[in-house]
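Residue strings, one per chain:
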Amino acid sequence: MNVAFHRINRLAGIIGMTAFLGTLTLRCAGGSLTPREKGAGIGALGGAAAGGLIGSAVRHPAAGAAIGGVLGLGAGALIGDQLQGRENAAINQDVQIQRNQLELERQRIELEEIRKRRPEY
């Protein structure tokens, strides 16, 4: 019984790691990772490592790694989503600042033209 459980535990770990590496490889082929994806990856790896350590203390390292990886994935994705939202807001703010600067420059040029046309008193 113990040998069969150990094999199942090991197989689950191999399947999980293969799925994770396959997903990571496919995603890397599509371009750069977003902050959400980076956070999810870091969270999954950190959670799997922590879960594996905790699981080994109770003699179930693969189950601990799997559970920790899933929890870390979710937490990392949430943190990455927040970072991505802030990054998007900063980009939008920069675009608005550039628009405002262009409008100010346009108005300054228009004011100079009006001053040139109108005689001063």
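You'll find the structure just up there.
Residue numbers here run from 1 along each chain, matching the order of that chain's written sequence. At least 70 in pLDDT is required for a residue's local features to be given in this predicted model, at least 80 for side-chain atom pairs to be given and counted, and no such filter applies to totals for whole chains, interfaces and linings, which use all residues. Calculation of side-chain values draws on the structure's entire complement of heavy atoms; hydrogens and water are dropped beforehand.

(A) Up close: the pattern of salt bridges. Salt bridges are defined by distance alone: a side-chain nitrogen of Lys or Arg within 4 Å of a carboxyl oxygen of Asp or Glu. For the structure on display, the rule yields five salt bridges. Put simply, Arg 106 and Glu 110 hold a salt bridge, and the shortest N to O gap is 2.9 Å. In this pair, Arg 106 and Glu 110 both sit in helix α3 (residues 61–117), four residues apart, roughly one turn of the helix. Burial classes: relative accessible area under 20% of the type maximum marks a residue as buried, over 50% as exposed, and values in between as partly exposed (1.4 Å probe, protein chains only). With relative accessibility at 41%, the residue Arg 106 sits in the partly exposed group. Owing to a relative accessible area of 37%, Glu 110 belongs among the partly exposed residues under this scheme. Taking the shortest distance from any N to any O, the salt bridge between Arg 115 and Glu 112 comes out at 3.4 Å. On the criterion of helical spacing, the pair formed by Arg 115 and Glu 112 is a turn pair, its members being three residues apart in helix α3. One network of salt bridges, in which partners are shared, links Glu 103, Arg 106 and Glu 110. Numbering of helices and strands runs from the N terminus, with a helix taken as a DSSP run of H or I at least four residues long and a strand as a DSSP run of E at least two residues long.

(B) Geometry of helix α2 (residues 35–57). A helix is expected to span 1.5 Å multiplied by its residue count minus one. The terminal C-alpha atoms of α2 lie 33 Å apart, and with 23 residues this matches the ideal 33 Å at 1.5 Å per residue to within 8%. Along α2, the residues classified as buried are Pro 35, Gly 39, Ala 40, Gly 41, Gly 43, Ala 44, Gly 47, Gly 51, Gly 52 and Gly 55. Phi turns positive, to about 65°, at Arg 59, one or two residues after α2.

(C) Just the environment of Glu 87, in detail. With respect to the helices and strands, Glu 87 occurs in helix α3. Between the alpha carbons of Glu 87 and Pro 35 there is a distance of 8.8 Å; along the sequence they are 52 residues apart.

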